[in-house]
Amino acid sequence: MTSPQDTEETLRLATQGFDLLFANDLEAAVDVFATEGQGNSPFHLMGLGVCAFLKAALGMEPELMEDAVKCLTLAEQGARKRMKLAKSSTPSHRFQSGIEWEVLHTDTIVLLGLTHALSESYKGYLQCLYELNRQALSSSFVLSSFSVLSPGLSSSAHSKFNKLFKTLYPNGLDAYATPSQATPAASRRPSEKSLQYVKATPTISVRTSGFFARWTGLGAVTPMPVLGTITNPTNGPIEELILSGAAFGYGLFNLVLSLLPAKIRNVVGFLGYSHDRQLALKALAVSAARTDVHAVFAGLVLMTYYGVLLLASGYQADEKHIIDQYRGIVRRVSQRYPKGSLWILNKAKIQRMIGDPEGAIVTLQGGLRGDRQKSFPQADALLAFELAWTLFQCRRYEESAQMFLDVTKMNNWSHATYHFLAAGCYISIGQSDKAQSLLDALSQIMDKRRGRNMPTEVFIKKKLAFYKQKHARRGGDPKRFAESIKISPAEELAIAWNTHAHADKETALAHIEELAAFTPPVNMQTEYMTFPLSSYQPGDLLDLDTPDELAVRSLILGILHRTLGDYTGARKLFHDALKHYQNVDVSSWVGGMTHFELAVLDMKEGEWRSAVLTEGDSAGDDTALEVWRCAIKSAKDTLAHAHALCTRETDLSSRLDSRIVMLREEIDVKMRQLGIFDM
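Residues numbered from 1 in each chain as written. Predicted model: local features only at pLDDT ≥ 70, side-chain atom pairs only at ≥ 80, totals over all residues. Heavy atoms only, no water.

Here we look at the overall build of the protein
Which entries qualify depends on this criterion: Per the convention used, a helix needs a DSSP run of H or I reaching at least four residues, while a strand needs a run of E reaching at least two, with both numbered from the N terminus. Only protein chains enter the accessibility calculation, which uses a 1.4 Å probe; a residue whose area is less than 20% of its type maximum is buried, one above 50% is exposed, and one in between is partly exposed. Residues are treated as being in contact if the distance between any of their heavy atoms lies within 4.5 Å.
Of regular secondary structure, the protein possesses 30 helices and 2 strands. The buried share of the protein, taken over its 679 residues, is 58%. Long-range pairs, those at least 24 residues apart, make up 70% of the contacts in the protein between residues at least 6 apart in sequence.

And the structure:
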């Protein structure tokens, strides 16, 4: 049996491997985790599993996901074995014996589940839930020695994480530090229901071991000390691991549940799962403020969440709070690991989101310098992908195209998507020969893929057929169909990546001028389109001759007008997009996406109108609260339409579904801020 001293030493050695991983030295980290003599150490097996998981998650490569499942399964088995052996040993910490292995076991469970969810398919999400439930059921008898079983609770992953969390945090999270020292904004506090549930048990009793006690919940109980607070700090690395790991596992599990697509969440609800996203974020923040390895992973999860929220949700109820939290976490981790690609990436994302894309470009280019340590290609590929999109946002199309192509040398995820985006960049600068060459290669690239196509590749196949049909109608050379593409395919995919919503004024105006110049003219006037910018003579070939193209043009123009603050013009354009959507051929995604963008418009316009009212610049009987009520009702109704159009047959539906989930949560946060509870 491993002694407490051996456990601490094994943890110390494994931590060295994680330090190398976070500093971008993946190869050296793997060497540490694979050190001879440590093959049975769950900490080292977990390290190997985490390395494989990160490569799979960051590279989105199926073969790497298989490696991750293999390594994490070995780590799960090792942790479960130690859990059994530790029950009769004397711990080196002030918690019940073996709980450190329970924490490690929950790590493997949630990572195994997430590995299945990486496919972004509904099947993958269901496999994720199945894996979480299966693993929890296989070890529920061990968990029962840590907390009293409540009648009616199923032995599932959900109850497993909840029990462990409430055992270690019986009084909630208010007494614990977070990376941001400022008091969290009211908009980000957990819901009343969740707070009441956590506070309902001020202390948690833990059973002594024994067969009868384990199965009936009876027997002697001893109080679990509430440790790890500011006034009662941890003592040693094992206690730090226990507290940081429990908060991390609980936070990550519940955050994942809250972000599942709506159809999967319906299954989740049927199985008895529930979640509180704000409490999950608080738990992750508490974990991120500690010093254990889990702190860095919790920080990475929060960075990813905040980065996606700022990029894709369209509207944030408290953008300043999110950016402050995001920046604080990035700063904290970057100070420890200044060369890590993941931390450089998130610094650049913040710069881009706060309106400094040129600064983001400098940061990303510095992160990709040739003289840096580059043994973590999947992380570096994310830097390159982010740089490509940021260059695209700044209309530096040729540089963007080259960067998208460079990413194909760094990972094996959908090369077809990278080529399609690069071709779109060349369309934007009139280099149709280069675009045609890239488009011609797409069929062969997609044929080489094993298994199902990625969602973007299904979209690409439809667009290629669409472009060829359009070119044939116009009597063009079939080998030069790129000449008939007017709206860049990269501009279309940029809608899903929400790039247009972050354009600066100069960039937005340039986009508007280009799109409005296509024939037929846009049949309306706005603040930024005061007269027809295009003209054509009878008999001329129209640039855009299908409802699909007209719908996409109006959708992009609507987003750009909203970005510039012309909310009236944006609304006209979105409704024009919906008019054309009724007759589209392949652009099935336009309807749901347009309704989503209308919901974002409702919230942004509501915010603007309420600010004007608050400043006393308006007449009439309206109040700011009434304005918000109207805006929120309209946004909720519009999101319901978006969700109804977001079916499995709709292109890029999982991405839109996730955006709908995020926007709904932000609307709920805004309602709590305003004290609105009756809608």
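Observations regarding the pattern of salt bridges
The line we're drawing: Salt bridge, as used here: a side-chain nitrogen of Lys or Arg that lies within 4 Å of a carboxyl oxygen of Asp or Glu.
Scanning all chains against the criterion turns up 27 salt bridges. Here Glu597 and Arg659 are joined by a salt bridge, their closest N and O atoms 3.8 Å apart. Pair noted here: Glu597 is in helix 28 (residues 590–614) and Arg659 is in helix 30 (residues 653–674), with a separation of 62 residues, a long-range link. On the basis of relative accessible area, Glu597 is assigned to the buried category, the value being 0%. Two residues, Lys636 and Asp668, come together in a salt bridge whose shortest N-O distance is 3.5 Å. Pair noted here: Lys636 is in helix 29 (residues 624–644) and Asp668 is in helix 30, with a separation of 32 residues, a long-range link. The partly exposed category is assigned to Asp668, whose relative accessible area is 30%. Within this structure, Glu358, Arg396 and Glu399 form a network of salt bridges that share partners.

Some words on the packing of aromatic side chains
For any pair of aromatic rings, the description rests on two quantities: the centre-to-centre distance and the angle between the ring planes. Rule in force here: Each aromatic pair joins two rings of Phe, Tyr and Trp (for Trp, the six-membered one) with centres within 6.5 Å, and gets the label stacked for planes under 30 degrees apart, edge-to-face for over 60, and tilted for any other angle. Lysine and arginine charges are scored as sitting over a ring when NZ or CZ, respectively, is within 6 Å of the ring centre and within 35 degrees of the ring normal.
For the structure shown, the criterion picks out 25 aromatic pairs. Pairing Phe18 with Phe22 gives two aromatic rings, centres 6.2 Å apart and planes at 25°, and the pair type is stacked. Residue Phe18 and its partner Phe22 are both found in helix 1 (residues 4–22); the two are separated by 4 residues, about one turn of the helix. By the burial criterion, Phe18 is buried, and Phe22 matches it. Ring-pair connections join several aromatic residues into one group, and the members of that group are Phe385, Trp389, Phe392, Tyr397, Phe404, Trp413, Tyr418 and Trp497. The ring of Trp101 carries the charged tip of Arg82 above its face, separated from the ring centre by 5.3 Å. Residue placement shows Arg655 over the ring face of Trp497; its charged tip is 4.2 Å from the ring centre.

As for the side chain of His93
Counted only if it meets this: For this analysis, a polar contact is any N or O atom pair within 3.5 Å, provided that within protein one partner can donate a hydrogen and the other can accept it, and provided that sequence-adjacent residues contribute only side-chain to side-chain pairs.
Relative to the helices and strands, His93 is located in the loop between helix 4 (62–86) and helix 5 (99–117). A polar contact is formed between the side chain of His93 and the backbone nitrogen of Phe95, at a distance of 3.1 Å. At 2.8 Å, the side chain of His93 and the side chain of Glu100 are in polar contact. For His93, the residues in contact, after removing those within four places along its chain, are Ile99, Glu100, Ile238, Glu239 and Ile242.

Description of the environment of Phe574
In this fold, Phe574 is placed in helix 27 (residues 567–581). Sequence separation between Phe574 and Leu601 is 27 residues, and the spatial gap between their C-alpha atoms is 9.7 Å. Once residues lying within four places of it in the same chain are set aside, the contact partners of Phe574 are Leu555, Gly558, Ile559, Arg562, Thr594, Glu597, Leu598 and Leu601.

Some remarks on the environment of Leu656
Mapping Leu656 onto the fold places it in helix 30. Judged by relative accessible area, which is 4%, Leu656 ranks as buried. Expressed as a C-alpha distance, the spacing of Leu656 and Ser313, which sit 343 residues apart in the sequence, is 9.8 Å. Sequence-distant contacts of Leu656, that is, excluding residues within four places in its chain, are made with Gly592, Met593, Phe596 and Cys646.

Looking at helix 2 (residues 26–33)
Here is the rule: Directions are taken from the helix axis to each C-beta atom, and the arc is the one they span.
Within helix 2, the full set of buried residues consists of Leu26, Ala29, Val32 and Phe33. Down the axis of helix 2, the sector holding all buried residues measures 120°, keeping them to one side. Turned more than 90 degrees away from the buried face of helix 2 sit Glu27 and Asp31, all of them exposed.

Re the packing of helix 29 against helix 30
In plain terms, the rule: The axes used here are C-alpha line fits, helices contributing only the stretch in contact, and every angle between their N-to-C directions lies in the interval 0 to 180 degrees. Orientation labels follow simple angle bins: below 35 degrees gives roughly parallel, above 145 gives roughly antiparallel, 65 to 115 gives roughly perpendicular, and whatever is left gives oblique. A clockwise turn of the near helix away from the far one marks a right-handed crossing, whereas an anticlockwise turn of less than a right angle marks a left-handed crossing. Gly falls in the polar group here, along with every residue not listed as nonpolar (Ala, Val, Leu, Ile, Met, Phe, Trp, Tyr, Cys, Pro) or charged (Asp, Glu, Lys, Arg).
Here helix 29 crosses helix 30 at 160°, and the two axes come no closer than 11 Å. Of the possible angle classes, the one that applies to helix 29 and helix 30 is roughly antiparallel. Between helix 29 and helix 30 the crossing geometry is left-handed. Only Asp657, Ile660, Leu663, Arg664, Ile667, Asp668, Lys670, Met671 and Leu674 of helix 30 make contact with helix 29, whose side of the interface consists of Leu625, Trp628, Ile632, Ala635, Lys636, Leu639, Ala640, Ala642 and His643. A per-class count over the contact of helix 29 with helix 30 returns 12 nonpolar, 1 polar and 5 charged.

So, the side chain of Arg352
For Arg352, the position within the fold is in helix 16 (residues 341–353). Those residues in contact with Arg352, other than ones at most four positions away along the chain, are Leu311, Pro357, Ala360, Glu386, Trp389, Thr390, Gln393 and Thr499.

Overview of the packing of helix 25 (residues 505–516) against helix 26 (residues 547–564)
Taken N-terminus to C-terminus, the directions of helix 25 and helix 26 make an angle of 150°; their axes are 10 Å apart at the nearest point. It follows that helix 25 is roughly antiparallel to helix 26 by the angle criterion. Considering only the axes of helix 25 and helix 26, their crossing is left-handed. Residues Lys505, Ala508, Leu509, His511, Ile512, Leu515 and Ala516 of helix 25 touch helix 26, and the partners they reach there are Arg553, Ile556, Leu557, Leu560, His561 and Leu564. The class makeup of the residues in the contact of helix 25 with helix 26 is 9 nonpolar, 2 polar and 2 charged.

Details of helix 11 (residues 237–259)
Heads up, the condition is: To estimate the expected span of a helix, count its residues, drop one, and scale the result by 1.5 Å.
With 23 residues, helix 11 should cover 33 Å at 1.5 Å per step; its first-to-last C-alpha distance of 32 Å lies within 8% of that length. Within helix 11, 21 of the 23 residues are buried, leaving the element largely enclosed by the surrounding structure.

Some points on the confidence of the model for the protein
Applicable threshold: The predictor attaches a confidence to each residue, called pLDDT, with possible values from 0 through 100.
In the predicted model, the protein carries a mean pLDDT of 83, and 81% of its residues have values of at least 70. In this model, residues 121–126 is a region of pLDDT below 50 whose contacts with residues beyond four sequence positions or in other chains number 17 contacts. Taken together, the stretch residues 135–155 has pLDDT below 50 and engages in 46 contacts with residues farther than four places along the chain or on a different chain.

What to know about unusual backbone geometry
A cis amide bond links Thr519 to the next residue, Pro520, at an omega of 0°. You can see Pro520 is positioned in the loop between helix 25 and helix 26. In the Ramachandran plot, Asn24 falls in the positive-phi region, its phi being about 90° despite a non-glycine side chain. Here Asn24 is to be found in the loop between helix 1 and helix 2.

Some words on the environment of Ala289
Mapping Ala289 onto the fold places it in the loop between helix 13 (277–288) and helix 14 (293–312). Overall, the relative accessible area of 17% leaves Ala289 in the buried class. Taking the C-alpha atoms as reference, Ala289 lies 8.7 Å from Tyr176; in sequence the two are 113 residues apart. With near-sequence residues (within four places) excluded, Ala289 lies in contact with Ala177, Thr178, Pro179 and Arg332.

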